[in-house]
Amino acid sequence: MNTDMQASPQTMFTETEIGKQKRWIENGMRIFFLVMTSLMILPLLLIIGYLFYKALPVLSFEFLFTNPKDNMRAGGLWAPFLGTIYLVVVSLLVSAPIGVFAAVYLNEYARENWFTRLTNLAVVNLAGVPSIVHALFGVGAFVLFAGLGESILAASLTLAIMTLPVIIASTTEALKAVPMSFREACWNLGATRWQTIRRIVIPNSISGILTGVILQVSRAAGETAPIMFTGAVFYKAIAEGNLFAYNITEQCMALSLHLFTISTQVPDVTEGVPYGTAIVLVGSVLLVNAAAIVLRVYLRTRKKW
Amino acid sequence: MTTPMQTNSDNGSQNTPVIEISDLKVRYGDSPALNGISFDVYQNEILGIIGPAQSGKTTLLKVINRTLELTPDTTVEGSVKLDGVDIRTIGDVYGLRRRIGMVLPLPVGLPLSIYDNVAFAPRTAGIRAKSELDEIVERCLQQAALWDEVKDRLDSLGTKLSGGQQQRLTIARALSHQPEILCLDEFSIAVDPVTTMRIEEVLKTLQTEMTILLVTNLVQQAKRLANRTAFFLNGDLIEIDTTDVIFSENPSNQATYDYVNGTFG
């Protein structure tokens, strides 16, 4: 062995200039990334805290389960709250199956050719279209052409068109995360594509697929533009406490539009009400997202590689 | 390993061909992978297939079980006959794939339990009876020399096994549909030498029941196991002969001699 190599173990472990520099950079970068993370979280906490503080006087069970009153200057949120639930549920009932199955086709069956390339391009670009454009499309296609009129159905379909490309994209990501070698192993065993999808691909991507779908709840619930011309209405009183108070061929109120109206169109609103509305909107979205996280964690623990 | 094992007996070779390949040409897009190769594979032989990377060995296996069709933009010409039937005329491609067991270079434990891994192919073929599946699972795990290690935890995940165990699981899975032909594509690449030797012992016993195509990067593995050996180079079949001839001082092609003696290029 070379004598230099044997030199002394001590010198091997004393810190060199380069080592010191590396350590400084390492620490510096970690602090930098931490600061950036805080910058992201801080405004979020401030917003929610401020809303909550302002909304505190009006928040109650009654607030959620009574209709607005006094020309929407006071009262609760029942009609817009239930309307938002209707819009979100109906739109996802349409967009989730179509989006997920379309993604399965594009990822598992379709061969790479001009058609699939065009489809993928369309999906990516549709996901970036501003919501007001979807609104105009909805007016033309569903309200006028399909003759649905301004209704929950027309508004939900418009929201569905808006969420569809994102669901396709997120589902595709989830499917791509399943290693190709699993599929090849199945094919080598004489499994059809469908058997492979059903037994291996879907069970191992379902958590990602569901998360992608559920995250679209917040988008569908939060958007105002796509629904304001297609089915959401300024004011409508409905039976309080009745979950089936709306008919999907009729118009409904919605939290996002309601918040917009009472903040800008109605004078002398009780101070806490707009904040309360915002809290209910944000709160329900966060609740759904939390449910998505719980579901994801649960399905992850069953993930098998 | 100093003493080469004498397994190259005459069993198998020189009887009926199970696979007849004639003038097989394969291209990926414009780049050729196999340039018109022809040879037969005989019943119950172990045919070693050696050759450097990019010589078309894996492509050949994919042609035989028709999984190459799943790769876009490939062209196949010539014919491959299995028991005298051109495989491209076989309507039930899934049935064809079940007649051929395939073991890939990297072990792939499907994200299922050990039991379900082995029962996967029988189930896709429509076998539902628990007793029948139990019997298949035990037989295949026994054959792959894995049974003793996993018999007490058949419901634990196949993906959690060690690499060598997963490769034996892959072999058990490939045997689960009772193939006539077993193709192994560099199975020992991710397996330790001891496990490799165990699998090699397994292959020698399996030879009595099926025909084995052994693609390998370890020329010594071909020498140990194969009755005949084929040498592939850049998509051409340079030479196919009994293993004794290929590894002798005078195979008919100089390139073969150089490759098996490690003086290639």
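A brief report on the enclosed structure follows. Quick caveat, the model's predicted, so the values are computed rather than measured.

Let us now look at the overall build of chain B. Counting its regular elements, chain B contains ten helices and ten strands. Here chain B has a C-alpha radius of gyration of 18 Å; the compact-globule value for 265 residues is 18 Å, and the two agree. With the principal axes as the frame, chain B shows a C-alpha extent of 55 × 45 × 35 Å. A buried classification covers 43% of the 265 residues belonging to chain B.

On the side of chain B, 23 residues touch chain A, which itself brings 17 residues to the contact. Broken down by element, the side of chain A that touches chain B gets its largest block of residues, six residues, from helix α9 (residues 180–188) of chain A. A class-by-class count of the residues in the side of chain A that touches chain B yields seven nonpolar, six polar and four charged.

This part is about the pairing of strand β8 (residues 211–215) of chain B. Residue and element names in this part refer to chain B. Taken across its five residues, β8 has five buried, putting it largely inside the fold. Residue alternation in β8 divides its side chains into two sets, Thr211, Leu213 and Val215 and Ile212 and Leu214, and both sets are buried. Pairing geometry for strand β3 (residues 46–50) and β8, over four bridges, is parallel. Counted as the bridge partner of Ile46 is Ile212 from β8. Relative to β8, strand β7 (residues 181–185) is paired through five bridges, and the arrangement is parallel. If you follow Ile181 over to β8, its bridge partner there is Thr211. Between the parallel pair β7 and β8, the chain is carried across by helix α7 (residues 193–206), and the sense of this crossover is right-handed.

We now examine α7(B). All names here are of chain B. The end-to-end C-alpha distance of α7 is 20 Å, a good match for the 20 Å that 14 residues give at a rise of 1.5 Å each. Among all positions of α7, only Ile199, Leu203 and Leu206 are buried. For α7, the angular spread of buried residues about the axis comes to 60°, placing them on one side. The exposed set on the far side of α7, more than 90 degrees from its buried face, consists of Pro193, Val194 and Thr205. Check the buried side of α7 and you find it contacts β3, α4 (130–143), α6 (163–175), β7, β8 and α8 (219–225).

Here is what the cut-offs are and how they apply
- Residues numbered from 1 in each chain as written.
- Chains lettered and ligands numbered in written order.
- Predicted model: local features only at pLDDT ≥ 70, side-chain atom pairs only at ≥ 80, totals over all residues.
- Helix = DSSP H or I, 4+ residues; strand = E, 2+ residues; numbered from the N terminus.
- Rg over C-alpha atoms; globule rule 2.2 N^0.38 Å.
- Buried ≥ 20, exposed ≤ 12 C-beta atoms within 10 Å, placed from the backbone.
- Contact = placed C-beta atoms within 7 Å.
- Nonpolar A, V, L, I, M, F, W, Y, C, P; charged D, E, K, R; others polar.
- Pairing = 2+ DSSP bridges.
- Right-handed = clockwise from strand over helix to strand, strands pointing away.
- Expected span 1.5 Å × (residues − 1).
- Arc of directions from axis to C-beta.

Scope: geometric values only; no functional claims are made or implied.
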